[in-house]
Amino acid sequence: MKNIFLIAIFALSLNGFAQNTKTKKASNLETITLGGGCYWCVEAVYENLDGVKSVVSGFSGGKVANPTYEEVCTGTTGHAEVVQITYDKTKTDINEIFQVFFTVHDPTTLNRQGADVGTQYRSVIFYKNAEQKNAAESIIAELNKAKVYNSPIVTKVEPFKAFYKAEDYHQNYYANNKNQPYCKMVIQPKIEKFEKVFKDKLKKK
């Protein structure tokens, strides 16, 4: 009877340990939502950053629930193309996430990135807490002060309200369509720039 009791206690302890480990791992994860032009480009870059657990393409900042890609493309829903990034805070942090963000897109062009023009391609950070808000405002101030760009940064810093996942064919677009002209001409150069600047921060393949 004593052995059965000890086994039961040990089983409960193991279960508690597993739950605590699971909770600890979950507490290390954080999510940030960013818009830096076409989400295919931004998604492809962050997929390669060590510490990033997932990148989902979708829409935020609009006034219509569950918009379709076609609706967002009209520019009438108010949404921006964004990526929702979930990352492990023990491997990367919000400052590094923002460093990548301001390296791989042009934050000085209003409602456009290259040939992609419209409010859906605006540069925007949707923060979920005070830490993200302060970090975003701080890096923007530093970049402007250092005059890293020839023009002032127009990136908006706004509170997160909702995220709507884009259709399945938009997810992992670059990985699934590497031979398409847009992927070769627009996305690939961004990835190459990212890999050059953040070569020590790449996921091991």
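Just so you know, these numbers come straight off a predicted model, no measurement behind them. (Residues numbered from 1 in each chain as written. Predicted model: local features only at pLDDT ≥ 70, side-chain atom pairs only at ≥ 80, totals over all residues. Heavy atoms only, no water.)

Bringing the packing of aromatic side chains into the picture now. Throughout the structure, instances matching the rule amount to 6 aromatic pairs. Ring geometry for Tyr-39 versus Phe-59: centroids 5.6 Å apart, planes at 50 degrees, classification tilted. Within this pair, whereas Tyr-39 is found in helix H2 (residues 39-46), its partner Phe-59 is found in strand E2 (residues 52-60), the two being separated by 20 residues in sequence. Residues Tyr-39 and Phe-59 agree in their burial class; the two are buried. Aromatic side chains Trp-40 and Tyr-173 sit 3.6 Å apart centroid to centroid with 5 degrees between the ring planes, which places their arrangement in the stacked category. Here Tyr-173 lies in helix H6 (residues 173-176) and Trp-40 lies in helix H2, a separation of 133 residues in the sequence. Note on Tyr-173: relative accessible area 9%, which makes it buried. Taken together, Tyr-39, Phe-59 and Tyr-69 form an aromatic cluster joined through their ring pairs. A cation over a ring is seen here: Lys-128 above Phe-160, with NZ or CZ 3.9 Å from the ring centre. (Phe/Tyr/Trp six-rings, centres within 6.5 Å; stacked < 30°, edge-to-face > 60°. Helix = DSSP H or I, 4+ residues; strand = E, 2+ residues; numbered from the N terminus. Buried < 20%, exposed > 50% of the residue type's maximum accessible area, 1.4 Å probe, protein only. Lys NZ or Arg CZ within 6 Å of the ring centre and 35° of its normal.)

We now examine the pairing of E2. Alignment of E2 against strand E3 (residues 80-88), held across 8 bridges, turns out to be antiparallel. Residue pairing in the sheet places Gly-58 in a bridge with Val-82 of E3. As paired strands, E2 and strand E8 (residues 164-165) are joined by 2 bridges and run antiparallel to one another. Opposite Phe-59, over in E8, you have Tyr-164 as the bridge partner. (Pairing = 2+ DSSP bridges.)

The next thing to look at is the UniProt feature "active site" (unreviewed entry) in the chain. This chain's UniProt record puts "active site" (unreviewed entry) on Cys-38. Within the secondary structure, Cys-38 sits in the loop between strand E1 (29-36) and H2. Look at Cys-38 and you get buried, because its relative accessible area is 7%. (UniProt positions renumbered as here; feature names shortened; annotations may be inferred.)

Counting buried residues along E1, 6 of its 8 residues qualify, which places the element largely inside the surrounding structure. Note that E1 and E3 share 6 bridges and pair antiparallel. In the sheet register, Thr-31 faces E3, and the bridge partner there is Thr-86. The sheet contact formed by E1 and strand E6 (residues 123-127) spans 4 bridges and is antiparallel. Bridge pairing in E6 places Gly-36 opposite Ser-123.

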